Amino acid sequence: MRIAVITGISGQDGAYLAKLLLSKGYKVIGIVRNLNQRFVGLEYLGIEKDITLELCDLWEQASILRLLNKYKPDEIYNLAAQSSVGLSFEYPTETIKFNFTSVLNFLEVIRQHNPAIKFYQASSSEMYGKVVNLPIKVDSPMHPLSPYAISKASGFWTVINYREAFGLHCCTGILFNHESYLRSPNFFVKKVIGEAIKMTRQPDLMLKLGNLNVKRDFGYSPKYVEAMWLMLQRPKAKDFIICSGTSILLKDIVSYIFDKLGLAMNRVITGDELLRPTDIENIYGDKDDAINDLGWDYDLNFFQVLDILIEEEIENNPEGNAGTTR
Ligand code: NAP
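Residues numbered from 1 in each chain as written. Predicted model: local features only at pLDDT ≥ 70, side-chain atom pairs only at ≥ 80, totals over all residues. Heavy atoms only, no water.

Undergrad: Could you clarify how one ought to interpret the packing of helix H3 (residues 61-71) against helix H5 (residues 92-113) in this entry?
TA: When two helices pack together, their arrangement is given by the angle between the helix axes and by the axis-to-axis distance. Contact geometry for H3 and H5: axes closest at 9 Å, N-to-C directions at 55°. With respect to H5, the element H3 is oriented oblique. Between H3 and H5 lies a crossing whose hand is right-handed. Contact with H3, carried on its side by Gln 61, Ile 64, Leu 65, Leu 67 and Leu 68, involves Asn 105, Phe 106, Glu 108, Val 109, Ile 110 and His 113 of H5 and no other residues of that element. Grouping the constituent residues of the contact of H3 with H5 by class yields 7 nonpolar, 3 polar and 1 charged. (Axes fitted to C-alpha atoms, helices over the stretch in contact; angles between N-to-C directions. Helix = DSSP H or I, 4+ residues; strand = E, 2+ residues; numbered from the N terminus. Parallel < 35°, antiparallel > 145°, perpendicular 65-115°, else oblique. Left-handed = near helix turned anticlockwise from the far one by under 90°. Contact = heavy atoms within 4.5 Å. Nonpolar A, V, L, I, M, F, W, Y, C, P; charged D, E, K, R; others polar.)

If you want it as structure tokens, here you go:
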């Protein structure tokens, strides 16, 4: 039986990836910060009893070494991160330090103790930031525009360095925005859907949002985690862009959700405090390599994904309380 470690298993991608790996017959070890809590994402997917949850302090190489000695994993999927761009402006030190140190600690322990372990690192399209040419390819120039993006770029280059310097089977998936019912409610799409459902019952409620005139490439998390697994099955490690291949204006997402729920767009207001100090205007990626070389399949447009998300949110949170799942 193959053994996989997933960090960040309490998050959106961690839960969907765990479900995928279980379905493929893996024993899944999920790394958490606290065992005395509910793991609602795992519960929602009905897999909480099938996962071995384990404490591991990713700040400490000794803690990671204990984990590897105890479970002898074949594959490690490192998804744990302070993952919010907005919050990274409030907590830049924590974001940059943790998102970098945890990657370095894993690679160093793997290098010294078991170089056969395959390692996947969750990278982000945010690393490219101030975009010059679109679509983004792996080797497009990087110009991070937030502490989060800087942290992910440093993790990205650390993985490449350990692959080139020590021949480790380590790679990164550069994922563009992807959503699901398990998305944390502080993220844009989940927040808008949850609030909009609530607004259908409260006619005086307004929705305050930041800059809606930016475009992003959005996809569906349960499909994106398939690409993570495919990457670690390759005989030779390689980095891939995982994206839908087109971008969509945030305003159009709001207008689609509002239209579907019968709400008027004049109930949306802009909050200057929600604007970011620097923001990417438009970004989308090139998924050709992921389709042709990795063998990933993805053909959902984001309005199809929105239909799934709205339906699932209404089913689980008919009151529309932003559907707090974590
Ligand atoms: P998420 O839902 O925010 O989950 C983040 C996970 O990281 C949670 O399990 C969280 O644990 C854990 N974590 C955060 N800080 C930690 C710390 N200091 N020590 C240990 N664990 C910590 O993120 P996601 O959407 O699943 O994304 C997974 C990964 O992909 C992240 O690295 C993210 O940056 C990256 N990514 C995501 C997207 C996207 O659109 N979703 C796009 C590109 C890249 P707690 O529950 O204990 O807080």
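Undergrad: Got a minute to help me understand the pairing of strand E2 (residues 27-32) in this structure?
TA: In terms of burial, E2 is largely enclosed, as 5 of its 6 residues are buried. Pairing between strand E1 (residues 3-7) and E2: 5 bridges, direction parallel. Residue pairing for E2: Ala 4 is matched across the bridge by Val 28. After leaving E1, the chain enters helix H1 (residues 12-23) and then returns to the sheet as E2, a path that is right-handed. As paired elements, E2 and strand E3 (residues 52-55) share 4 bridges and run parallel to each other. Following the sheet pairing, Ile 29 is matched in E3 by Thr 52. (Buried < 20%, exposed > 50% of the residue type's maximum accessible area, 1.4 Å probe, protein only. Pairing = 2+ DSSP bridges. Right-handed = clockwise from strand over helix to strand, strands pointing away.)

Undergrad: Looking at this structure, how should I read the pairing of strand E6 (residues 170-175)?
TA: Along a regular strand, successive side chains alternate from one face of the sheet to the other. Counting buried positions along E6 gives 6 out of 6 residues, so the element sits mostly inside the fold. Side chains Cys 170, Thr 172 and Ile 174 project from E6 onto one buried face, and the interleaved Cys 171, Gly 173 and Leu 175 project onto a second face that is buried too. Pairing of strand E5 (residues 118-124) with E6 involves 6 bridges; the strand directions are parallel. Residue Phe 119 lies in a different strand from E6, and its bridge partner there is Cys 170. Tracing the backbone out of E5, into helix H6 (residues 147-166) and back to the parallel element E6 gives a crossover that is right-handed.

Undergrad: Whenever I open this one, the pattern of salt bridges confuses me. Can you help?
TA: Where side chains of opposite charge bring their charged atoms close, a pairing between them can arise. In the structure shown here, the tally under the stated rule is 17 salt bridges. Between Glu 179 and Arg 183 there is a salt bridge, with the nearest N and O atoms lying 3.0 Å from each other. Judged by relative accessible area, which is 2%, Glu 179 ranks as buried. We classify Arg 183 as buried; its relative accessible area is 12%. Within the structure, one salt-bridge network assembled from shared partners comprises Arg 234, Lys 238, Asp 289 and Asp 293. (Salt bridge = Lys/Arg side-chain N within 4 Å of Asp/Glu carboxyl O.)

Undergrad: When you look at the nonpolar core in this model, what are you seeing that I'm missing?
TA: One broad rule of soluble globular proteins: the nonpolar side chains tend to lie buried together. Formed by 65 residues in total, the largest nonpolar core has its most connected members in Tyr 77, Tyr 120 and Ile 242. When residues of this core are assigned to their parent elements, the largest contribution, 7 residues, is made by helix H8 (residues 221-233). Mapped onto the domain boundaries, this core takes at least three residues apiece from domain 1 (3-178 + 218-242) and domain 2 (185-217 + 246-282 + 301-316). If we ignore the near neighbours within four places in the chain, the residues touching Ile 242 are Ile 174, Leu 175, Phe 176, Tyr 224, Ala 227, Met 231, Ala 290, Leu 294 and Trp 296. (Core = buried A, V, L, I, M, F, W, Y, C linked by side-chain atoms within 4.5 Å. Domains from an automatic or database assignment.)

Undergrad: Whenever I open this one, the environment of Ala 116 confuses me. Can you help?
TA: Mapped onto the secondary structure, Ala 116 falls in the loop between H5 and E5. Along the backbone, Ala 116 and Cys 170 are 54 residues apart, and their C-alpha atoms lie at a distance of 9.9 Å.

Undergrad: I'm lost on the environment of Leu 21 in this one. Help?
TA: As for its position among the elements, Leu 21 is in helix H1. Classification of Leu 21 by relative accessible area gives buried; the value is 0%. Along the sequence, Leu 21 and Arg 2 sit 19 residues apart, while their C-alpha atoms lie 9.5 Å from each other. Ignoring sequence-local partners within four residues, the contact set of Leu 21 consists of Ala 4, Ile 6, Tyr 26, Val 28, Tyr 77 and Trp 229.

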